[in-house]
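The primary structure of each chain is shown beneath.
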Amino acid sequence: MVKHVFVTGGVVSSLGKGITSASIGLLLERRGLRIRMQKFDPYINVDPGTMSPYQHGEVYVLDDGSETDLDLGHYERFTNAQLDSDCNYTTGRIYKTVIEKERRGEYKGKTVQVIPHITNEIKAAIARIATPDIDVVITEIGGTVGDIEGMPFFEAIRQFGLEIGKANCLYIHLTLVPYLKAAGELKTKPTQHSVGMLRQIGIQPDVLICRTERELPAEEREKIALFCNVEPRAVIEERDKEISVYEVPLSLAANKLDDFIVEKLNLTQAKPLELDDWREMIEHIRRPEHEVTIAVVGKYARHHDAYKSVYEALFHAGIAHRTKVHIRKIQTEQVEKEGADRVLAGVDGILVPGGYDKRGIAGKIEAIRYAREREIPFFGICLGLQCAAIEFARNVLGLADANSTEFQTDTPHPIICLLDAQRNVTAVGGTQRRGAYEQQMVPGSLAHRAYETLVVSERHRHRYEFNNAYRLAFEERGMRITGTSPDGGLVEVIELATHPWFVAVQCHPEFNSKPNRPQPLFRDFVGAALSYRREKKTSRSAVATVH
Ligand code: GLN
């Protein structure tokens, strides 16, 4: 029998439910259990693919091409759970299925209602990933208890729990225990209210994870346990983390959350917790030996979650080099207004991430020119590759009007354009080249050196492609095509031969990075930034000695 853990949140949003769920996943995996993870998002969009990163942060892309919530990124970074389109459902997607069934006459003349039809569809989505090869399914409900739009999901997990029985499911509720400075104490009332609300809809939580700024004293713990009707040992403190979110599993383990889950769900097959390598990694994070500053130049730099996986991948690359990576988030318009010289002064590497639409393109191109001319390590991702190609065409090949047809349909030099097959696509949602595709590297290239293999699979999410008509001109002037699709037809990687580390890729390698297994290109980019910084220092001290 597959066991189920449901994670809900209360009091306020942004408590880190995704990271907490991912940490629970990690602990269970580190007890030798086979897990799957799933997130329900109560909004009505069918998937987050069409939403601006300003809404819910980045859109996270899976191997199968699904466009999902960024919490699935946390699941992948913390665990090895297999993720696919069954692992992220929105209200819109559930309703779409029900409405399509209704149109096909599958409800045989019945009135179609939230209960039971919508809730049945939600329960089916939970059951779908509870396959016999799995020990525990962790399902996270987005939003906060009490939200109108979350109601059907809460009702569905209540029914699901009732059907499989107490011994097979566990409800974990994440709440906030705020510290009131004026009173000088931690306040448990919001937690009591939030649990009260859960109980009103028929869910008695088994575990309360309390986000706090301060230590949760035994007294407060007991008070929460008593008022909320849970065991005192099931009131778990999750203190704010200053250095990194990867410490959350250690806190939960210190509070013996894994023991509690294993005991309550009678997971007799569980092994002792194995976290040594993770602890060692945390030690490396706490005590870096070097530092570098990387500029991330993007249109959404102001939103701290818009390039979440890019920032995380840089962080992971830093761990591999025992280096603290300072990220300078730069709005593209800033480069346009103040000039690359000013906003990029002192950085050791420049990264241009993915994006859409022509706003901010000029700033990205300027930042790339700066990196190319000053020989600062550069890493371009997706739109970053496209901008690097446009910059090269304009400033090196002398094609002043070079552009992408995404930004100028009638450009005389469409360096980036649509493939014939894509010309007639008009729908906005779900119409791009998405998901994992293999790519082949040129032997001896920086990409090959990073991957240490010639064929790799990376995730994609884009519509436009490098125009093959310009390949030769690029190669002749030193911009090498060092990665292509296996049939050679699509350009995947470009590198500047005359530059210490200038690599741009059409894929999104940031979706393949874990703290204990950095993505190779990110790792080498940060390595190049580190060498650049060292050389800068040496040449500065050489100048000082001469004087
Ligand atoms: N807008 C570009 C395209 O559609 C790049 C997309 C991206 O960076 N994800 O091809």
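As a reminder, the structure under discussion sits directly above these lines.
Residues numbered from 1 in each chain as written. Predicted model: local features only at pLDDT ≥ 70, side-chain atom pairs only at ≥ 80, totals over all residues. Heavy atoms only, no water.

### Describing the nonpolar core
Part 1 of the argument: Of all hydrophobic cores here, the largest spans 49 residues; its most connected members are V5, I24, I138, V207, I209, I261 and W278.
Part 2 of the argument: When residues of this core are assigned to their parent elements, the largest contribution, 6 residues, is made by helix α1 (residues 17–29).
Part 3 of the argument: With near-sequence residues (within four places) excluded, I209 lies in contact with T20, I24, I172, H173, L174, T175, I236, E238, L252 and L257. (Core = buried A, V, L, I, M, F, W, Y, C linked by side-chain atoms within 4.5 Å. Buried < 20%, exposed > 50% of the residue type's maximum accessible area, 1.4 Å probe, protein only. Helix = DSSP H or I, 4+ residues; strand = E, 2+ residues; numbered from the N terminus. Contact = heavy atoms within 4.5 Å.)

### Observations concerning the sheet that holds strand β10 (residues 207–212)
Sheet strands pair by backbone hydrogen bonding; their relative direction is either parallel or antiparallel.
Part 1 of the argument: A sheet is described by the order of its strands in space; here 7 strands give the open sequence β5-β2-β6-β1-β7-β10-β11, paired in parallel fashion. Strands at the two margins of the open sheet, each flanked by one partner only, are β5 (88–90) and β11 (235–239). Averaged over all adjacent pairs, the angle separating strand axes in this sheet is 20°, with direction ignored.
Part 2 of the argument: Note that strand β2 (residues 35–41) and β5 share 3 bridges and pair parallel. Bridging across to β5, F40 finds its partner in Y89.
Part 3 of the argument: Here helix α4 (residues 91–103) sits on the sheet and contacts β2 and β5; the angle it forms with β5, its principal contact strand, is near 75°.
Part 4 of the argument: Helix α7 (residues 189–200) contacts β1 (3–9), β7 (169–176) and β10 of the sheet and is inclined by roughly 145° relative to β7. (Pairing = 2+ DSSP bridges. Axes fitted to C-alpha atoms, helices over the stretch in contact; angles between N-to-C directions.)

### Quick notes on the site of the ligand
Part 1 of the argument: Taken together, G354, G355, Y356, C382, L383, Q386, E406, R461, H462, R463, Y464 and H508 make up all the residues around the ligand.
Part 2 of the argument: Contacts to the ligand include E406, whose side-chain N or O atom sits 2.7 Å from a nitrogen atom.
Part 3 of the argument: The contact in question runs from a nitrogen atom of the ligand to an N or O atom on the side chain of H508, over 3.1 Å.
Part 4 of the argument: Protein contacts shield 99% of the accessible area of the ligand, which totals 300 Å² for the unbound molecule.
Part 5 of the argument: Residue composition of the shell around the ligand, by class: 4 nonpolar, 5 polar and 3 charged. (Near = heavy atom within 4 Å. Polar contact = N/O pair within 3.5 Å; in protein donor to acceptor, adjacent residues only side chain to side chain. Areas by Shrake-Rupley, 256 points an atom, 1.4 Å probe, with all protein chains shown as cover. Nonpolar A, V, L, I, M, F, W, Y, C, P; charged D, E, K, R; others polar.)

### Things to note about the state of the cysteines
Part 1 of the argument: In this structure the tally under the stated criterion is 0 disulfides.
Part 2 of the argument: Distance from the sulfur of C417, which forms no disulfide, to the nearest cysteine sulfur (C382) is 14 Å.
Part 3 of the argument: By relative accessible area, C417 is classed as buried at 12%. (Disulfide = S-S within 2.5 Å.)

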